[in-house]
Amino acid sequence: MSDQSSEASRPPEQSPEAGPQQQPQAPEAGPEQQPQSPAPTETAAPAQAIKTTATAGTPARAGIPAAGPGNPWQHGAGTPGVKNSTGDGATARLRPPAPPLIRPAVLWSVLATAVLSALFLGDGLGVNLLIVAVPASLAAFFAARSAGRGLRPWTATWAVGGLALLAVPALRDAGWPTFLAVVSAFALGSLALHGSRSWLGVFIGSLGLFDSVVPGIIWGVRGIRARADGSRARWGSALRTTAVALVLLVVFGTLFASADAAFADLLGDLMPDVSVGEGPWRIFLFALGLAGALAAAYAAAAPVRWDGVTVPPGKPRGRAEWALPLIVLNLLFAAFITLQLVVLLGGYEKVRAETGLDHAEYARQGFWQLLWATLLTLLVIALALRWAPRGGSRDRTLVRAVLGILCVLTLVVVASALRRMDLYVDEYGLTRLRISVAAMELWLGVVLVLILAAGVFGVRFLPRAIAVSAAAGVLAFGLLSPDGLIAEQNVQRFEDGKSTGIDIDYVKDLSADAVPALDRLPEPERSCALRIIQNEVLHSDAPWYATSWGEARAKEILERRPVLGDGRACYDVGRDGSRDGYEPDDGGYDPY
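Because the structure is predicted, anything quoted here is derived from the model rather than measured.

Conventions and cut-offs
- Residues numbered from 1 in each chain as written.
- Predicted model: local features only at pLDDT ≥ 70, side-chain atom pairs only at ≥ 80, totals over all residues.
- Heavy atoms only, no water.
- Helix = DSSP H or I, 4+ residues; strand = E, 2+ residues; numbered from the N terminus.
- Buried < 20%, exposed > 50% of the residue type's maximum accessible area, 1.4 Å probe, protein only.
- Contact = heavy atoms within 4.5 Å.
- Areas by Shrake-Rupley, 256 points an atom, 1.4 Å probe, with all protein chains shown as cover.
- Phe/Tyr/Trp six-rings, centres within 6.5 Å; stacked < 30°, edge-to-face > 60°.
- Polar contact = N/O pair within 3.5 Å; in protein donor to acceptor, adjacent residues only side chain to side chain.
- Expected span 1.5 Å × (residues − 1).
- pLDDT = per-residue confidence, 0-100.
- Axes fitted to C-alpha atoms, helices over the stretch in contact; angles between N-to-C directions.
- Parallel < 35°, antiparallel > 145°, perpendicular 65-115°, else oblique.
- Left-handed = near helix turned anticlockwise from the far one by under 90°.
- Patch = residues over 30% accessible without salt bridge, like charges linked within 9 Å, V, L, I, M, F, W, Y side chains within 5 Å.
- Salt bridge = Lys/Arg side-chain N within 4 Å of Asp/Glu carboxyl O.

Peer 1: Explain the overall build of the protein chain residue by residue, including any values.
Peer 2: If you tally the helices and strands in the protein chain, you get 22 helices and zero strands. Taking all 592 residues of the protein chain together, the buried fraction comes to 40%. Counting only contacts in the protein chain whose residues sit at least 6 apart along the sequence, the fraction spanning at least 24 positions is 77%. For the protein chain, the accessible surface area stands at approximately 31,500 Å², while carbon and sulfur atoms represent 66% of it.

Next up, the structure:
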């Protein structure tokens, strides 16, 4: 599992019909180089070349001997006489040769992934994702080693980041950061297997694991058949050993469980609860884990070189044609930022006098426009780089100066947007949408800083750096517990007297991560806010591997101090205000 070589980032020079690459000690004979011994060439022995092609089983250019292993990153390389199993499809030129037969270590790791998926993934998400990911990662590691691929820094970065993201479901009960973490973990795992570095390579490579599902299954079936034909005795011995071990575990485990109640409880908590009625669901999870592990192992052994997908650069424009619109845009940004500085430094009284808006309404009015302005600026930068003049050092200096100024001005816009959101949250409280868009705006600021750094140090690592920043943002977002932050901020405002009441209708729908903060509320607000969460937590039958740490902590708090009353008092609690500073329209629509 290594990053692709620099040659992988550009289209291969050899066509898909080309034969194996040559070793340095066997150069091709050409017009400028006289061979030391008679050798066939295109002009001297076409019939011999055709014969070589036919006997080798793969097309080969005349004059190139079909012997010796090739560069595994060069298209058409591999074992001589073995045709690339990918065929002549759209991605055939991006694929290396088929990997060697699947190794026993890979097979056992794949089987362990499938079994653990069937046992642990049917009851929810928690630490079970990490349990299943470990044998799947081992399958990919063993497959990569058998194909001669090594572990490199960027591969380790993607792999460690993906496993770290799977810790979010084990720690947090909220579903929305868990979803982001799982999707990001899949993307990083796919990047670890493919080792992409270009813009399109990183984007497509994050989804490239899907392309290996069918080839991985075929590869696994062929490997099992080949190894079963030659080692039936060993397979029979392994099955007998496994069966005897299972019988011993069941017999003695049952005896010990019946002899000691504490051991029986421990064994019941550790063992997955699988019933006959869940058979179809468990079979589907087994197949899903099997296909996923085979796809990961196949991609590790024979990754598609997505860096070979390239987009030709745009036609360079003249300096004036390119720079003038951007300079005008920079002037517009500068004028807007000047007004923002005046407002941020104490000009709200003037704004209120002219617009009739207080500072919170003024902040809410402009945040979304500034967010869109940031996104559009990034699009403008991407298009400007595509058609930038590329005539020499003076053109490079012009591009860096104009786009650098635009990035710096946009960073000020990002700061203004975050300041507006801070004012609005201080006035009306924190919600899931507000914390999400604020985190998004903050990440866009990080992207702009990375673009500025790329203008100084080069763009080689920019695609991967932006991907790392996105994954790090998702990880930090999940570990910080957004539902816990929302509850903490709203409870703190209530305790400080900044709000006359807490929005019970909103906080009662938060996840179990909010329980420690909501537990500080006085009665009856506390019981009203925690009633729904208590019903979900205390009546949950999720096993230990599908229970997050946040849910376990909430269960402990609510068992020690359950809610009071029957909920009748909750109809009049927390309804004297609105978390957004305004009432919803007649239809009840609330966009925030």
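Peer 1: Account for the packing of aromatic side chains, naming residues and giving values.
Peer 2: Per the counting criterion, the structure on display carries eleven aromatic pairs. Ring plane angle 25 degrees and centroid distance 6.3 Å describe the contact between Trp-154 and Phe-461, whose orientation is recorded as stacked. Within this pair, whereas Trp-154 is found in helix H4 (residues 153-165), its partner Phe-461 is found in the loop between helix H16 (432-457) and helix H17 (462-479), the two being separated by 307 residues in sequence. Centre to centre, the rings of Phe-186 and Phe-210 are 5.0 Å apart; their planes meet at 40 degrees, and the pair counts as tilted.

Peer 1: Please provide a residue-by-residue account of unusual backbone geometry, values included.
Peer 2: Pro-524 follows Glu-523 through a cis peptide bond whose omega is 5 degrees. Relative to the helices and strands, Pro-524 is located in the loop between helix H20 (515-518) and helix H21 (525-538). Phi angles above zero are rare outside glycine, and Ser-481 is one such case at about 60 degrees. Within the element layout of this structure, Ser-481 appears in the loop between H17 and helix H18 (482-495).

Peer 1: Describe the side chain of Asp-395, listing the residues and the values that go with them.
Peer 2: As for its placement among the helices and strands, Asp-395 is situated in helix H15 (residues 393-428). In this structure Asp-395 comes out as buried when scored by relative accessible area, which is 6%. A polar side-chain atom of Asp-395 sits 2.5 Å from a polar atom in the side chain of Arg-319.

Peer 1: How would you summarise the side chain of Arg-526 if you had to cite specific residues and measurements?
Peer 2: On the secondary structure map, Arg-526 appears in helix H21. When its relative accessible area of 0% is taken as the criterion, Arg-526 is described as buried. Within the structure, the side chain of Arg-526 is placed 2.5 Å from the backbone oxygen of Arg-561, a separation counted as a polar contact. Apart from the residues lying within four places of it in its own chain, the contact partners of Arg-526 are Leu-518, Asp-519, Leu-521, Leu-558, Arg-561, Pro-562 and Val-563.

Peer 1: Before we move on, can you summarise helix H3 (residues 128-146) with the specific residues and values?
Peer 2: Every α-helical turn comprises 3.6 residues, leaving residues that sit three or four positions apart pointing alike. With 19 residues, H3 extends 28 Å between its outermost C-alpha atoms, agreeing within 8% with the 27 Å of an ideal straight helix rising 1.5 Å per residue. Positioned one or two residues after H3, Gly-148 has a phi angle of 85 degrees, which is positive.

Peer 1: Explain the confidence of the model for the protein chain residue by residue, including any values.
Peer 2: On average, the protein chain scores 77 in pLDDT, and the residues at 70 or more come to 70%. Considering only residues more than four positions removed or in separate chains, one finds that residues 4-88, a stretch of pLDDT under 50, has 104 contacts. pLDDT under 50 marks residues 576-592. Its contacts with residues more than four places away, or in other chains, come to 29 contacts.

Peer 1: Tell me about the packing of helix H6 (residues 175-194) against H17, and please be specific about residues and values.
Peer 2: To characterise two packed helices, one gives the angle between the axes of the helices and the distance between these axes. Two elements in contact, H6 and H17, have axes separated by 9 Å at closest approach and are oriented at 150 degrees. Relative to H17, the element H6 is oriented roughly antiparallel. Both H6 and H17 take part in a crossing whose hand is left-handed. Of H17, the residues touching H6 (which contributes Trp-176, Pro-177, Leu-180, Ala-181, Ser-184 and Leu-188) are Ala-471, Val-474, Phe-477 and Gly-478.

Peer 1: Can you explain a nonpolar patch on the surface? Please cite residues and give values.
Peer 2: There is a patch of nonpolar side chains on the surface, built from Trp-372, Leu-375, Leu-376, Leu-379, Leu-383, Trp-387 and Met-440 and spanning about 660 Å² of accessible area. By residue number, the principal contributor to the nonpolar patch is helix H14 (residues 359-386), which donates five residues. One can find Leu-376 in helix H14.

Peer 1: Before we move on, could you go through the packing of helix H2 (residues 104-120) against H3 and cite the residues and values that matter?
Peer 2: The interhelical angle for the contact between H2 and H3, taken along N-to-C directions, is 165 degrees, at an axis separation of 8 Å. If you check the angle between H2 and H3, you find them roughly antiparallel. For H2 against H3, the interelement crossing comes out left-handed. Along its contact with H2, which presents Ala-105, Val-106, Ser-109, Val-110, Ala-112, Thr-113, Leu-116, Ser-117 and Phe-120, the element H3 presents Asn-128, Ile-131, Val-132, Pro-135, Ala-136, Leu-138, Ala-139, Phe-142 and Ala-143.

Peer 1: Tell me about the pattern of salt bridges, and name the residues and values.
Peer 2: Scanning the entire structure with this criterion turns up ten salt bridges. Across the pair Asp-509 and Lys-508 runs a salt bridge, and its minimum N-O distance is 3.6 Å. With a shortest N-O distance of 3.6 Å, Glu-523 and Arg-526 are connected by a salt bridge. According to the relative accessible area criterion, Glu-523 is partly exposed, its value standing at 34%.

Peer 1: Give a description of H17 that names residues and reports values.
Peer 2: With 18 residues, H17 ought to run about 26 Å at 1.5 Å a step, and its terminal C-alpha atoms sit 25 Å apart, in line with that. Every buried residue belonging to H17 is among Leu-462, Pro-463, Arg-464, Ile-466, Ala-467, Ser-469, Ala-471, Val-474, Phe-477 and Gly-478, and all of these are buried. For H17, the elements touching its buried residues are H4, helix H5 (167-171), H6, helix H7 (199-205), H16 and H18. After H17 finishes, the residue Ser-481 shows a positive phi value of roughly 60 degrees.

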